[in-house]
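Results of the structural survey
So you can see what is in the structure, the chains are spelled out below.
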Amino acid sequence: MVRRAFPEAHRRTAGAEARRVPLDEAGEPVTGGEAADCEAAGCEEAEDDSPRPALLARAAAIHRTDRIACVALPAFPLQLVLRRQPEWRGEPAAVVEQDNPLAPLLWVNEAALRVGILPGMRYAAALSVDHRLRATTVTDTRRDKAVAALHRHLLRYSPRVEPAGDDPGVFWLDAGGLERVDGTPRQWAARLWQSLQRAHFTAGVTVGYSRFGTCCLSRAHREVLVLDAPAAEQAACRRVPLSRLDLAPAVRDDLTRLGLKTIDDLLRLPAAGLGARFGAGTLKLVQLARGLGFDPLQPALPPEPVRAEEHFDEPETDAWRLLFVIKRRLHPLLARLADETRAVALLRLELRLADRAGTLLSHDLRPASPTLDVVLLTELVRLRLENLDLAAGVERVTVSIAPTAAPAEALELFRRRPRRDPEAALRAVARLRAEMGDSAVARAELRPGHLPEQGYGWRDITGAVAPEPAAAAAKTAATATATAPRPQLVRRVLPRPRPLVGGGPELILTDPAQLVRAAATPGVPALGQDALRAHGPFLLSGGWWSGEVRRAYHYLEADGGRVLWLFHAEAEQRWYLHGFVE
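Please read all numbers here as calculations on a predicted model, not as lab measurements. (Residues numbered from 1 in each chain as written. Predicted model: local features only at pLDDT ≥ 70, side-chain atom pairs only at ≥ 80, totals over all residues. Heavy atoms only, no water.)

1. Some thoughts on the overall build of the protein chain
Counting secondary structure elements, the protein chain contains 21 helices and 20 strands. Considering the protein chain as a whole, with its 582 residues, one finds that 43% of them fall into the buried category. For the protein chain, the exposed area adds up to about 31,800 Å²; of that, 53% sits on carbon and sulfur atoms. (Helix = DSSP H or I, 4+ residues; strand = E, 2+ residues; numbered from the N terminus. Buried < 20%, exposed > 50% of the residue type's maximum accessible area, 1.4 Å probe, protein only. Areas by Shrake-Rupley, 256 points an atom, 1.4 Å probe, with all protein chains shown as cover.)

And the structure:
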């Protein structure tokens with residue numbers, strides 16, 4: 001469990017190589033007297049005071065593309081609480097693991113630290129230290145939703161963003177190559193930091209050269225920090241207090257008792273001894289601080305919201321029809337969650353009524369445990385719909401799902417209940433046969449034959465065969481890689497070729513409109529009277545062992561939009577219509 005403090009007023013711990021960038025009201029960095037200090041420290045803002053023309057100064061700044069930035073929002077769950085409870089600011093506040101007096105504190109603010117309340121303390125014990133302590137819980141769903149929203153916000157500033165998996169509120173961004181679009185790294189970071197301030201978040205933004213260094217420095221300050229060289233980053237990082245790192249409370253307390261206060265103090269000790277005494281986590285931290293670990297940026301995209309929406313042409317007043325619409329929307333959402341080994345923790349149902357006020361009804365349905373059972377969720381929706389007044393009609397329904405990690409039994413249950421029920425399909429086939437006859441339902445099968453009408457046949461359905469989407473997808477992917485994507489066409493074949501007109505093979509070139517008119521007979525879909533163009537011939541022959549058949553197939557496009565599939569029989573000197581292509 002991650003535990004750390006939330007300092008509100010910590011300003012700077014870096015050395016002279018790194019500097020704090022002041023910002024004006026518009027969020028742009030302030031130049032002038034402090035820039036000279038920065039130049040002395042070797043930072044990038046020295047370029048702004050250069051006597052060279054502005055364009056040359058900016059061009060000179062575009063010389064590195066290996067920058068990485070870290071955005072750290074300390075005690076992010078506690079910041080979410082303080083945004084909703086602004087009256088808690090300035091008072092000792094904390095986030096507890098559970099709503100229980102013996103639950104440990106996960107995050108505390110600076111006011112709590114000042115009175116001696118530390119992360120890891122029990123809530124009851126912390127309350128005895130200061131009775132003004134305010135504490136609450138933050139659900140994983142709420143935290144993950146906020147992290148995803150912040151992730152999407154940061155993608156506006158960099159196309160490659162990586163959230164820290166075990167530390168909500170820490171993000172790394174690829175800051176390289178953005179100079180031509182967003183100005184210098186300092187200007188880019190200033191705009192990013194200012195956007196978080198406008199959203200009432202406390203954050204530190206550091207632009208540097210390594211994940212570890214930028215993360216440490218972002219935890220140690222609450223403003224914008226830009227470093228101009230890897231050496232400057234390492235020097236500033238060594239001065240970061242250990243209390244700002246993601247250390248377990250026990251390790252942190254042991255290091256404090258040993259008199260180790262900064263990363264520099266930690267690096268003076270042998271790594272092997274630290275690993276043996278404090279564990280693999282501390283050893284990894286030391287290796288990263290020494291630049292020995294390979295820790296590249298691993299960008300990811302935020303999870304897509306699990307949501308479906310249905311608009312009605314006419315306001316829907318029937319609760320049962322509405323229920324089946326919702327159920328139909330639930331199936332693909334649950335299949336997607338199952339593929340991602342997630343399950344439904346909360347289902348939000350939003351109904352937009354067609355009244356004058358455009359009333360929006362929002363209801364949260366929470367199953368007893370995370371589930372993928374569509375029957376159970378549909379039942380919960382039905383019970384809720386029965387208590388709603390839908391007389392005004394529903395013009396839009398939205399189903400949103402708050403997912404969570406799926407328990408093993410939920411995934412197993414989902415696999416046992418596939419969306420396609422073969423027994424239900426066979427029952428439907430039996431009802432069709434009873435109503436329309438035994439030959440009403442059949443399935444096609446491929447057969448060996450040279451002529452198209454001999455290449456397939458029909459047979460009765462004796463069982464339901466499960467589809468094979470994986471094989472089909474693999475075949476489609478292989479085809480897509482071999483050839484360019486082409487639009488899908490459907491060829492409708494007549495039960496038997498229908499004779500059109502007599503004549504030689506040159507008829508399709510001399511008078512194709514005659515073939516079009518011959519095809520436009522009752523029972524054939526309407527076509528235009530004119531032929532647009534013809535493609536062919538495609539020669540086909542078969543049955544040479546008992547009486548050879550030779551055909552010259554053509555595609556003839558009519559002005560009605562359809563394409564005729566016809567052939568000329570050489571032995572009979574006659575044209576036949578064999579089907580259509582749509």
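2. Describing the layout of surface pockets
Approximately 680 Å³ is the volume attributed to the second largest pocket. Lining the second largest pocket are 25 residues, with Asp166, Arg219, Asp246, Lys284 and Leu288 positioned closest to its centre. Looking at the lining of the second largest pocket, the elements that each hand over two or more residues are β6 (161–163), β7 (170–174), α9 (211–220) and α14 (280–289). Within the lining of the second largest pocket, the residues separate by chemical class into 14 nonpolar, 3 polar and 8 charged. (1 Å grid on protein atoms, 1.4 Å probe; cavity = no way out; pocket = protein on both sides within 12 Å on 5 of 7 lines; lining within 4 Å. Points joined across faces, edges and corners; volume = space filled by probe spheres on them. Nonpolar A, V, L, I, M, F, W, Y, C, P; charged D, E, K, R; others polar.)

3. Some remarks on the pattern of salt bridges
Throughout the structure, instances matching the rule amount to 24 salt bridges. Taking the shortest distance from any N to any O, the salt bridge between Arg447 and Glu445 comes out at 3.2 Å. On the basis of relative accessible area, Arg447 is assigned to the partly exposed category, the value being 40%. The class for Glu445 is partly exposed, based on a relative accessible area of 22%. Between Glu453 and Arg551 there is a salt bridge; the shortest N-O distance is 2.7 Å. (Salt bridge = Lys/Arg side-chain N within 4 Å of Asp/Glu carboxyl O.)

4. Looking at the confidence of the model for the protein chain
Regions with low pLDDT should not have their predicted coordinates read in detail. Of all residues in the protein chain, 81% have pLDDT values of 70 or greater, and the mean over the chain is 78. Ignoring residues within four places in sequence, the model shows residues 1–53, a span with pLDDT below 50, making 131 contacts including any to other chains. (pLDDT = per-residue confidence, 0-100. Contact = heavy atoms within 4.5 Å.)

5. Some points on the environment of Thr398
By secondary structure assignment, the location of Thr398 is in strand β13 (residues 394–405). Among the residues examined, Thr398 registers a relative accessible area of 0% and is labelled buried. A C-alpha to C-alpha distance of 6.5 Å links Thr398 and Glu310, two positions 88 residues apart in sequence. Polar contacts involving the side chain of Thr398 include one to the side chain of Glu309, which spans 3.3 Å. (Polar contact = N/O pair within 3.5 Å; in protein donor to acceptor, adjacent residues only side chain to side chain.)

6. Side note on the packing of α9 against helix α10 (residues 230–237)
Taken N-terminus to C-terminus, the directions of α9 and α10 make an angle of 45°; their axes are 9 Å apart at the nearest point. Of the possible angle classes, the one that applies to α9 and α10 is oblique. In the packing of α9 onto α10, the handedness of the crossing is left-handed. Residue-level contacts link Phe212, Gly213, Thr214, Cys216 and Leu217 of α9 to Glu233, Ala236 and Cys237 of α10. (Axes fitted to C-alpha atoms, helices over the stretch in contact; angles between N-to-C directions. Parallel < 35°, antiparallel > 145°, perpendicular 65-115°, else oblique. Left-handed = near helix turned anticlockwise from the far one by under 90°.)

7. Here we look at unusual backbone geometry
With an omega of 5°, the peptide bond running from Gly536 to Pro537 counts as cis. With respect to the element layout, Pro537 can be found in strand β17 (residues 531–542). If you check the backbone angles, His200 has positive phi at about 65° while not being a glycine. At Thr341, a position not held by glycine, the phi torsion is positive, near 50°.

8. Thoughts on the sheet that holds strand β12 (residues 360–365)
Read from one edge of the open sheet, 4 strands run β10-β13-β11-β12, paired in antiparallel fashion. Both edges of this open sheet fall to β10 (306–316) and β12, since each of them pairs with a single strand only. The average angle at which neighbouring strand axes cross in this sheet is 15°, direction not considered. One ladder, built from 7 bridges, connects β10 with β13; its direction is antiparallel. Bridge pairing in β13 places Glu310 opposite Val397. (Pairing = 2+ DSSP bridges.)

9. What to know about the packing of aromatic side chains
Taken as a whole, this structure holds 6 aromatic pairs when the rule is applied. With a centroid separation of 6.3 Å and an interplanar angle of 85°, the aromatic rings of Tyr456 and Trp458 are classed as edge-to-face. Residue classification places Trp458 among the exposed positions, given a relative accessible area of 57%. Note on Phe567 and Tyr576: the rings are 5.2 Å apart at their centroids and 10° apart in plane angle, and the pair reads as stacked. Just as Phe567 is buried, Tyr576 falls in that class too. The side chain of Arg551 reaches across the aromatic face of Phe567, ending 4.3 Å from its centre. (Phe/Tyr/Trp six-rings, centres within 6.5 Å; stacked < 30°, edge-to-face > 60°. Lys NZ or Arg CZ within 6 Å of the ring centre and 35° of its normal.)

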